[in-house]
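# Structural overview for review
Listed here are the chains, written in short residue letters.
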Amino acid sequence: MAEITLSNITKRFGDTLALDDVSMTVPNGAFVVLLGPTGAGKTTTLRLVSGLDQPDAGRIEIGGTDVTRMTPAQRNVAMVFQQYSLYPHMTVRENLGFPLKSPLLRYDDAQIARKVSEVAEMLQIAHKLDNKATALSGGEMQRVSIGRALVRRPEVYLMDEPLSSLDAKLRADLRVELKNIQAQSGVPFLYVTHDQIEAMTMASHVGVLDHGRLVQFGTPREIYEDPVSVYAASRLGLPRINILPADLFAGAPTGARYIGLRPEQIRQGDGAESRVIRVEHLGDQTRLHLKFRNHDLITVTDAHSGLRSGDIVQITPDAPFYFDASGARVH
Ligand SMILES: Nc1ncnc2c1ncn2[C@@H]1O[C@H](COP(=O)(O)OP(=O)(O)OP(=O)(O)O)[C@@H](O)[C@H]1O
């Protein structure tokens, strides 16, 4: 395990600037989640740290060693990518054991067998150990790919949406398992996901990428409670933050063009009138879709709320965010 430092990393593919002067430190033992829409540069970041690609400029260090020009094998990183990378002619057992067979690691057969069965149990795939990789479902293949990374103790785990092809229950179980592995081993994770819950529950740090630039790096709470821009604020939170013209409500500071209201930043009971359009009972909370002066708003209310569509509720912003015309935070 080791700290990872990216310093002024730039990567181009032809005319595309995939990463633009990115600097970031993944502290020892951290779980860093990269967020951003398609094309933001998340996968490119992982590939550069892994050594599958080389940056055009900048430097990557793992544990204080400059690895920028080293091969993936020299870096001792474990990777899980979206597309499964299993050996099709091998069984699940052989696929899982393969990374441990390197003579450099000097594991004996009993140690390999123990490690393989531990990881297979954790990934709920033990009953398939003797199946050929080709005789697995997509979700099972993905679990074996994760397993092949987890049998090792690398300097860093690099994972690109590893849980996205799994069903909700398994995803929830594996979120907990991956967090446990990170907590127990101290090996840092660099992890890409589009899943808000994964980001909020697993990350110790979040890096927000926008067109190849790292626009904010901090704890999930910092990004949620103190976003630098509309873009960063919109990356975390379900329902999403509401962005409206600032002058719809009184009290906007000078320079503010937009007001940002997370659901809990909308106080109900006094203030301006808005109409309930739709009520969604989700069990632990109720979502309210409101129409406020021709703008749509989503907020949450009491789980047992008796509100119905057509009702009128009074709302007031409660400690909202303000942004300028470019989307940068002003207050
Ligand atoms: N091998 C490549 N050749 C050409 N362009 C590439 C290559 N890899 C990435 N790019 C481009 O670099 C930019 C960043 O891509 P990247 O895959 O890192 O984004 P991403 O944030 O991981 O997106 P996704 O969520 O779709 O995986 C995109 O514009 C992409 O088209």
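Residues numbered from 1 in each chain as written. Predicted model: local features only at pLDDT ≥ 70, side-chain atom pairs only at ≥ 80, totals over all residues.

As annotated in an unreviewed UniProt entry, the protein carries the name ABC transporter ATP-binding protein and is attributed to Salipiger mangrovisoli.

## Some details on the sheet that holds strand β12 (residues 258-261)
Two modes of strand pairing occur in sheets, parallel and antiparallel, and in both the strands are linked by backbone hydrogen bonds. Defined as follows: Here the rule is simple: two strands pair whenever DSSP picks up at least two bridges between them. Strands are runs of DSSP state E lasting at least 2 residues, helices are runs of H or I lasting at least 4, and numbering of each runs from the N terminus. A fitted line through C-alpha atoms represents every axis, and for helices the fit uses only the stretch in contact; the resulting angles, taken between N-to-C directions, go from 0 to 180 degrees.
Ordered by their spatial adjacency, 3 strands build an open sheet running β11-β12-β17, and the pairing between neighbours is antiparallel. Each having just a single partner strand, β11 (242-245) and β17 (321-323) make up the two edges of the open sheet. Strand-to-strand twist in this sheet, taken as the mean axis angle between neighbours without regard to direction, amounts to 30 degrees. Alignment of β11 against β12, held across 4 bridges, turns out to be antiparallel. Considered in β12, the bridge of Leu244 is made with Ile259.

## Focus on the pairing of strand β3 (residues 31-35)
Selection rule: Comment: burial labels come from other C-beta atoms within 10 Å of the residue's own C-beta, placed from the backbone, where a count of 20 or more is buried, 12 or fewer is exposed, and between is partly exposed.
Within β3, 5 of the 5 residues are buried, which leaves it mostly tucked inside the rest of the structure. Residue alternation in β3 divides its side chains into two sets, Phe31, Val33 and Leu35 and Val32 and Leu34, and both sets are buried. Here 4 bridges tie β3 to strand β9 (residues 205-210), and the two strands are oriented parallel to one another. Residue Val33 lies in a different strand from β9, and its bridge partner there is Val206.

## Let's talk about the nonpolar core
Our working rule: Here, a nonpolar core denotes buried Ala, Val, Leu, Ile, Met, Phe, Trp, Tyr and Cys residues that are linked to one another through C-beta atoms within 7 Å. What fixes the domain bounds is an automatic or database domain assignment. What counts as a contact is two residues whose backbone-derived C-beta atoms lie within 7 Å of each other.
Counting 81 residues, the largest nonpolar core has Val32, Val33, Val49, Val156, Leu158, Leu190 and Tyr191 as its most contacted members. In terms of domain composition, this core takes at least three residues from each of domain 1 (4-234) and domain 2 (239-323). Those residues in contact with Val32, other than ones at most four positions away along the chain, are Val26, Phe189, Leu190, Tyr191, Ala203, His205 and Gly207.

## Quick word on helix α5 (residues 138-150)
Keep this limit in mind: Working rule for helices: expected span equals 1.5 Å times residues minus one.
End to end, α5 covers 19 Å across 13 residues, agreeing with the expected 18 Å (1.5 Å per residue, within 8%). Burial analysis of α5 places 11 of its 13 residues in the buried class, which makes it a mostly covered element. Within α5, the full set of buried residues consists of Glu140, Met141, Gln142, Arg143, Val144, Ser145, Ile146, Gly147, Arg148, Ala149 and Leu150. Looking at the packing, one finds that the buried side of α5 touches β6 (77-80), α3 (92-97), α4 (109-122), β7 (156-160) and α6 (168-185).

## Digging into unusual backbone geometry
For residues that are not glycine, phi is negative in most cases, and the peptide bond is trans in most cases. In the segment running from Leu238 into Pro239, the intervening peptide bond is cis, with an omega of -5 degrees. Of note, the phi angle at Glu161 is positive, near 45 degrees, even though the residue is not glycine. For Glu161, the position within the fold is in the loop between β7 and α6. Glu161 gets classed as partly exposed once you count the C-beta atoms within 10 Å, which come to 18. Unusually for a residue other than glycine, Ala319 sits at a positive phi of about 50 degrees. Among the secondary structure elements, Ala319 is positioned in the loop between β16 (312-317) and β17.

## Some points on the site of the ligand
Applicable threshold: Residue proximity rests on one test: whether the C-beta atom, placed from the backbone, lies within 6 Å of the molecule or strand.
All residues adjacent to the ligand are Phe13, Thr16, Ala18, Gly36, Thr38, Gly39, Ala40, Gly41, Lys42, Thr43 and Thr44. Those elements giving two or more residues to the shell around the ligand turn out to be β2 (16-26) and α1 (42-50). Among the elements that line the shell around the ligand, the one with the most residues is α1, at 3 residues.

## Comments concerning the domain arrangement of the protein
The criterion, for reference: Throughout this entry, Asp, Glu, Lys and Arg are counted as charged residues, while Ala, Val, Leu, Ile, Met, Phe, Trp, Tyr, Cys and Pro are counted as nonpolar. The remaining residues, Gly among them, count as polar.
Split into domains, the protein comes out as domain 1 (4-234) and domain 2 (239-323). In this complex, domain 1 contributes 5 residues to the contact, which on the side of domain 2 involves 7 residues. In terms of residue class, the side of domain 1 that touches domain 2 is made up of 3 nonpolar, 2 polar and no charged.

## Describing α6
Let me state the cut-off plainly: Taking the helix axis as origin, the arc is that swept by the directions to the C-beta atoms.
A rise of 1.5 Å per residue sets the reference length of α6, with its 18 residues, at 26 Å; its end C-alpha atoms lie 26 Å apart and thus fit the reference within 8%. Taken together, the buried positions of α6 are occupied by Leu174, Leu178 and Gln182. When α6 is viewed along its axis, its buried side chains cluster within an angular range of 75 degrees and face the same direction. Along α6, the residues that are exposed and aim more than 90 degrees away from the buried face are Lys169, Val176, Asn180, Ala183 and Gln184. Each element contacted by the buried residues of α6 is listed here: β3, β8 (189-192) and α7 (196-202).

## As for the pairing of strand β10 (residues 213-218)
Bridge count for β9 against β10 is 5 bridges, and the pairing is antiparallel. Residue pairing for β10: Val208 is matched across the bridge by Gln216. If you look at the hairpin formed by β9 and β10, you'll find 2 residues sitting between the two strands, and His211 has a positive phi there, around 45 degrees.

## Points about the sheet that holds β10
The 6 strands lie next to each other as β6-β7-β8-β3-β9-β10, forming an open sheet whose pairing is mixed. Two strands lie at the open edges of the sheet, namely β6 and β10, each paired on one side alone. Each strand axis lies, on average, 15 degrees off the axis of its neighbour in the sheet, ignoring direction. The pairing of β7 with β8 spans 4 bridges and is parallel. Looking at the pairing, Met159 lines up with Tyr191 of β8. Across the sheet, α1 lies against β3, β6, β7, β8 and β9, angled at about 150 degrees from β7, the strand it touches most.

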